[in-house]
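Per-entry structural report
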Amino acid sequence: MKLEYAPAEDTFALLDSLPNNVSTALEIGCGSCFILAHLDAKYKVGCDIRKPAIVSSGINFVLCDGRKLPFRQNSFQLAFFNPPYLPSKGIQDPAVDGGRGGVEIALLFLTQSLDVTKDGGQIFTLLSSFSDLSLFRKTLIELRLNFSEKRKRLFFEELDVFKIYARKNSG
Ligand SMILES: C[S@@+](CC[C@H](N)C(=O)[O-])C[C@H]1O[C@@H](n2cnc3c(N)ncnc32)[C@H](O)[C@@H]1O
């Protein structure tokens, strides 16, 4: 059995972008729970299809599929995910394989995040220059979501952190 995803550049880039002083936070695909352990939030929930080896105190871990979350609507101020984002034919390794354009899993996590975040809440996700960023952006625009992007250049890829405003009833 494969080990859980070890924190890497993508993990740190997403953590660096997250806000402080959050009331309720959800991480989809939390892996080792590294980000949650370092997040300044009162109530923290992490979910993944794999159980982390260790769950620090103060983190509520839920074993579940991020494509169908078991949480109530409007539960979280912040939702975030560093999804599997590499383009892949099938899903051999769920830690990295993101579907055909590398954004298919991310888009499913996004749909679920929109459901469970409060109106005015925020969603953060990280994708890469290997992912189909145009498809992801196009979907955000079609959903009439406001968003901004922050790019970090590594020597072999670029990482894009998206900040998405979960405003509902935007008309
Ligand atoms: C790129 S890793 C990120 C792990 C951790 N958040 C980090 O930043 O270090 C992606 C994570 O998503 C999880 N994952 C993949 N498919 C999932 C699904 N359908 N539902 C929940 N988690 C999933 C994987 O098990 C893995 O832990």
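In case you missed it, the structure is sitting above this.
Let us look at the structure shown here. (Residues numbered from 1 in each chain as written. Predicted model: local features only at pLDDT ≥ 70, side-chain atom pairs only at ≥ 80, totals over all residues. Heavy atoms only, no water.)

1. Brief notes about the overall build of the protein
Of the regular secondary structure elements, the protein holds four helices and seven strands. Along the protein, helices and strands appear, N-terminal first, in the series α-β-α-β-β-β-α-β-α-β-β. For 171 residues, the compact-globule estimate of 2.2 N^0.38 gives 16 Å, and the C-alpha radius of gyration of the protein, at 15 Å, lies within 12% of that figure. Dimensions of the protein, computed from C-alpha atoms along their principal axes, come out at roughly 45 × 35 × 30 Å. Relative to its full complement of 171 residues, the protein shows a buried share of 48%. (Helix = DSSP H or I, 4+ residues; strand = E, 2+ residues; numbered from the N terminus. Rg over C-alpha atoms; globule rule 2.2 N^0.38 Å. Buried < 20%, exposed > 50% of the residue type's maximum accessible area, 1.4 Å probe, protein only.)

2. Considerations on the pairing of strand E4 (residues 76-81)
Of all six residues in E4, five are buried; the element is thus mostly enclosed. Sheet topology note: the strand E1 (residues 22-28)/E4 ladder contains three bridges and is parallel. Among the inter-strand pairings, glutamate 27 is bridged to a residue of E4, identified as phenylalanine 80. Pairing of E4 with strand E5 (residues 117-128) involves five bridges; the strand directions are parallel. In the strand pairing of E5, phenylalanine 76 is matched with threonine 117. Where the polypeptide runs from E4 across helix H3 (residues 104-116) and back to E5, its parallel neighbour, the crossover connection is right-handed. (Pairing = 2+ DSSP bridges. Right-handed = clockwise from strand over helix to strand, strands pointing away.)

3. A few points about the pattern of salt bridges
Counted by the stated rule, this structure contains eight salt bridges. Between arginine 137 and aspartate 160 there is a salt bridge, and its shortest N-O distance comes to 3.7 Å. Here the residue arginine 137 occupies a position in helix H4 (residues 133-142), and aspartate 160 occupies one in strand E7 (residues 158-166), the gap between them amounting to 23 residues. A relative accessible area of 1% places aspartate 160 in the buried class. Among the charged side chains, a network of salt bridges with common partners joins Arg137, Glu149, Arg151, Arg153, Glu158 and Asp160. (Salt bridge = Lys/Arg side-chain N within 4 Å of Asp/Glu carboxyl O.)

4. Some words on the sheet that holds strand E2 (residues 41-48)
Strand order in the open sheet formed by seven strands is E3-E2-E1-E4-E5-E7-E6, with mixed pairing between adjacent strands. Both edges of this open sheet fall to strand E3 (59-63) and strand E6 (147-153), since each of them pairs with a single strand only. Each adjacent strand pair in this sheet contributes to an overall mean axis angle of 15°, direction not counted. Contacts between H3 and the sheet are confined to E1, E4, E5 and E7, with E5 contributing the most and set at about 165° to the helix. With respect to the sheet, H4 is in contact with E5, E6 and E7, its orientation differing from that of E7 by roughly 10°. (Axes fitted to C-alpha atoms, helices over the stretch in contact; angles between N-to-C directions. Contact = heavy atoms within 4.5 Å.)

5. A few points about the site of the ligand
In the vicinity of the ligand there are 19 residues, among which Thr11, Glu27, Gly29, Asp48 and Gly66 approach most closely. One of the side-chain nitrogen or oxygen atoms of threonine 11 is found 2.8 Å away from an oxygen atom of the ligand. Take glutamate 27: an N or O atom from its side chain is 2.7 Å from a nitrogen atom of the ligand. A total of 600 Å² of accessible area belongs to the ligand in isolation, and the protein chains cover 96% of it. Looking at the shell around the ligand, its residues break down into 10 nonpolar, five polar and four charged. (Near = heavy atom within 4 Å. Polar contact = N/O pair within 3.5 Å; in protein donor to acceptor, adjacent residues only side chain to side chain. Areas by Shrake-Rupley, 256 points an atom, 1.4 Å probe, with all protein chains shown as cover. Nonpolar A, V, L, I, M, F, W, Y, C, P; charged D, E, K, R; others polar.)

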